[in-house]
Amino acid sequence: MGELSRVCLSVHTPRYCTYEAAFAGKLAHPDFRAVRDGLIEQGRELATAQLDVIVINSCHLVTTFPTVVDGTPRHRGVLTAQEVPELIHGVEYDFPGDYDLAAAMIDRGAAAGLQCVLANDIHYPLDYGTVMPIVCYLDRTQRVPVVPISVCLVADLEESFAWGQHIARSVAAAGRRAAFVASGSVSHKLVRGPETWPAPVEQELDRRFAQMLADGEYAKLWAWLPEYVEAAEPEMGGRHLAMMLGAILETGRSFAATVYAYGPSSGSGNYVISLAAR
Ligand SMILES: [Fe+2]
């Protein structure tokens, strides 16, 4: 029987997800160490989770009108990040997809009246928020199938939450043992200066968010999310967080939380948190 066995809040900023940061120990600033080490631990945890698939919602896989689910059977390409070509360039990736699961997600979304598109195209470009966490940390062997799903600009928090529900239902019905990864920052009031932390008020909001998640107060957290989004301005309007909460709540399960790290990147707050189904 399938289940959403892991839920991860993860980090993709280039300060953490470059070869130097991940492998060579050349962090640009010591404040980056906790998150880098947390990502390594999160990857170790997933390596033991016997996953059939990872569904990942990256804040940099952005669509405007439809939500796109990438069902390409093999994700293969060379990534140079549009935003940071000096940091992320020529990164080769080659990992499997899961067409059947992606198609099932689209079927459920479409049946619920959500505008959505299934991609099946080796040339569909993947973003660094999808590729870098996977290849640097979460599955360095690149053996676990991956289904990327976009953040959609015209989708509100409710629609993003509904996609999380469709993901949880789809993996259960398809018999997949799955992880859902939300790849994005919490508070996201960006400034120049990579090592800059969020202001104290945003750090406090982020810590409250993480505490509620770790305490299993998922419904309460979902109810608070609009207020949190208004105040902390998380990445992509918090759509990745809404999708994560939709997936969690749909399972009806409780999860054991490990809060690995919290750290800065250019004024944003970044959590590494793993939830394991009890
Ligand atoms: Fe980002």
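Preceding this paragraph is the structure being described.
Residues numbered from 1 in each chain as written. Predicted model: local features only at pLDDT ≥ 70, side-chain atom pairs only at ≥ 80, totals over all residues. Heavy atoms only, no water.

Undergrad: How do you make sense of the overall build of the protein when you look at a structure like this?
TA: Secondary structure summary: the protein contains 8 helices and 10 strands in total. Taken against the 2.2 N^0.38 rule, which gives 19 Å for 278 residues, the C-alpha radius of gyration of the protein at 17 Å falls within 12% of a compact globule. For the protein, the spread of C-alpha atoms along the three principal axes comes to 45 × 40 × 35 Å. With 278 residues in all, the protein has 58% of them scored as buried. Restricting the contact set of the protein to residue pairs at least 6 apart, pairs at least 24 apart contribute 80%. Carbon and sulfur atoms provide 50% of the accessible area of the protein, an area that totals close to 11200 Å². Each charge class in the protein was averaged separately, 22 positive and 32 negative side chains, and the resulting centres sit 6 Å apart. (Helix = DSSP H or I, 4+ residues; strand = E, 2+ residues; numbered from the N terminus. Rg over C-alpha atoms; globule rule 2.2 N^0.38 Å. Buried < 20%, exposed > 50% of the residue type's maximum accessible area, 1.4 Å probe, protein only. Contact = heavy atoms within 4.5 Å. Areas by Shrake-Rupley, 256 points an atom, 1.4 Å probe, with all protein chains shown as cover. Lys, Arg positive; Asp, Glu negative; His and termini not counted. Charge placed at Lys NZ, Arg CZ, Asp CG, Glu CD.)

Undergrad: I would appreciate a short explanation of the coordination of the iron ion in the present structure.
TA: Reference values for angles at a metal are 109.5 degrees in the four-donor tetrahedral case and 90 or 180 degrees in the six-donor octahedral case. The protein atoms that coordinate the iron ion are His12 (NE2), His60 (NE2) and Glu235 (OE), at distances spanning 2.0 to 2.1 Å. The sequence pattern formed by the donor residues of the iron ion is H-x47-H-x174-E. Placement of the pair is His12 in the loop between strand S1 (3-10) and helix H1 (19-24) and His60 in strand S2 (residues 53-63), with a sequence separation of 48 residues. (Donors = N, O, S within 2.8 Å, 3.2 Å for Na, K, Ca; no water.)

Undergrad: Hey, could you run me through the environment of Val68 in this one?
TA: Considering the arrangement of structural elements, one finds Val68 in strand S3 (residues 67-70). Here Val68 falls in the buried class, since its relative accessible area comes to 8%. Those residues in contact with Val68 that lie beyond four places of it in its chain are Thr63, Val117, Ala119, Tyr124, Pro148, Ile149 and Ser150.

Undergrad: How should the packing of aromatic side chains be read in this particular structure?
TA: Geometrically, a pair of aromatic rings is defined through the distance of the ring centres and the angle of the planes. Evaluation of the coordinates by the stated rule reveals 8 aromatic pairs. When the ring of Phe161 is compared with that of Trp222, the centres are 4.1 Å apart and the planes differ by 15°; the resulting orientation is stacked. Of this pair, Phe161 sits in helix H5 (residues 157-174) while Trp222 is found in helix H7 (residues 218-232), placing the two residues 61 residues apart along the sequence. There is no split in this pair, since Phe161 and Trp222 are both buried. (Phe/Tyr/Trp six-rings, centres within 6.5 Å; stacked < 30°, edge-to-face > 60°.)

Undergrad: Can you help me understand a nonpolar patch on the surface in this one?
TA: Residues Val62, Phe65, Leu153 and Val154 make up a contiguous nonpolar surface patch of roughly 350 Å² in combined accessible area. In this fold, Val154 is placed in the loop between strand S7 (146-152) and H5. Owing to a relative accessible area of 48%, Val154 belongs among the partly exposed residues under this scheme. (Patch = residues over 30% accessible without salt bridge, like charges linked within 9 Å, V, L, I, M, F, W, Y side chains within 5 Å. Salt bridge = Lys/Arg side-chain N within 4 Å of Asp/Glu carboxyl O.)

Undergrad: Is there a simple way to think about the side chain of Gln42 in this case?
TA: Residue position: Gln42 is located in helix H2 (residues 33-47). Those residues in contact with Gln42 that lie beyond four places of it in its chain are Cys8, Leu9, Ser10, Leu138, Tyr260, Val272, Ile273 and Ser274.

Undergrad: Even after reading the chapter, I still don't get the environment of Ser187, so can you show me in this structure?
TA: Within the secondary structure, Ser187 is located in the loop between strand S8 (177-183) and helix H6 (200-214). Residue classification places Ser187 among the buried positions, given a relative accessible area of 1%. For the pair Ser187 and Glu233, spaced 46 residues apart in the sequence, the C-alpha separation amounts to 5.6 Å. Residues contacting Ser187, with those up to four places away along its chain left out, are Pro198, Glu202, Asp206, Tyr228, Ala232, Glu233, Pro234, Tyr262, Ser268 and Gly269. For Ser187, the side chain forms a polar contact with the side chain of Asp206, separated by 2.7 Å. (Polar contact = N/O pair within 3.5 Å; in protein donor to acceptor, adjacent residues only side chain to side chain.)

Undergrad: Help me understand the pairing of S3 in this model?
TA: Residues in a regular strand project their side chains so that they alternate between the two faces of the sheet. Of the two faces of S3, both are covered, the one formed by Thr67 and Val69 as well as the one formed by Val68 and Asp70. Taken together, the 4 bridges between S3 and strand S6 (residues 116-119) define a ladder with parallel strand orientation. In the strand pairing of S6, Val68 is matched with Val117. (Pairing = 2+ DSSP bridges.)

Undergrad: Just to check I follow, could you spell out empty space enclosed by the protein for this structure?
TA: Here the idea is plain: a probe the size of a water molecule rolls over the atoms and shows the empty space left. Throughout the structure, instances matching the rule amount to 1 cavity of 30 Å³ or more. Looking at the largest cavity, its volume works out to about 40 Å³. Around the largest cavity, the lining residues are Asp70, Thr72, Arg74, His75, Arg76, Tyr93, Asp121, Ile122, Tyr124 and Leu126. Here the lining of the largest cavity gets 3 residues from one element, more than from any other, and that element is strand S4 (residues 74-79). Looking at the lining of the largest cavity residue by residue, the class counts come to 4 nonpolar, 2 polar and 4 charged. (1 Å grid on protein atoms, 1.4 Å probe; cavity = no way out; pocket = protein on both sides within 12 Å on 5 of 7 lines; lining within 4 Å. Points joined across faces, edges and corners; volume = space filled by probe spheres on them. Nonpolar A, V, L, I, M, F, W, Y, C, P; charged D, E, K, R; others polar.)

Undergrad: Help me understand the nonpolar core in this model?
TA: Side chains that are nonpolar tend, in soluble globular proteins, to be buried together. Residues Phe209, Leu213, Leu225 and Met244 are the most contacted members of the largest nonpolar core, which totals 49 residues. In terms of residues, this core owes the most to one element, H7, which gives 8 residues. (Core = buried A, V, L, I, M, F, W, Y, C linked by side-chain atoms within 4.5 Å.)

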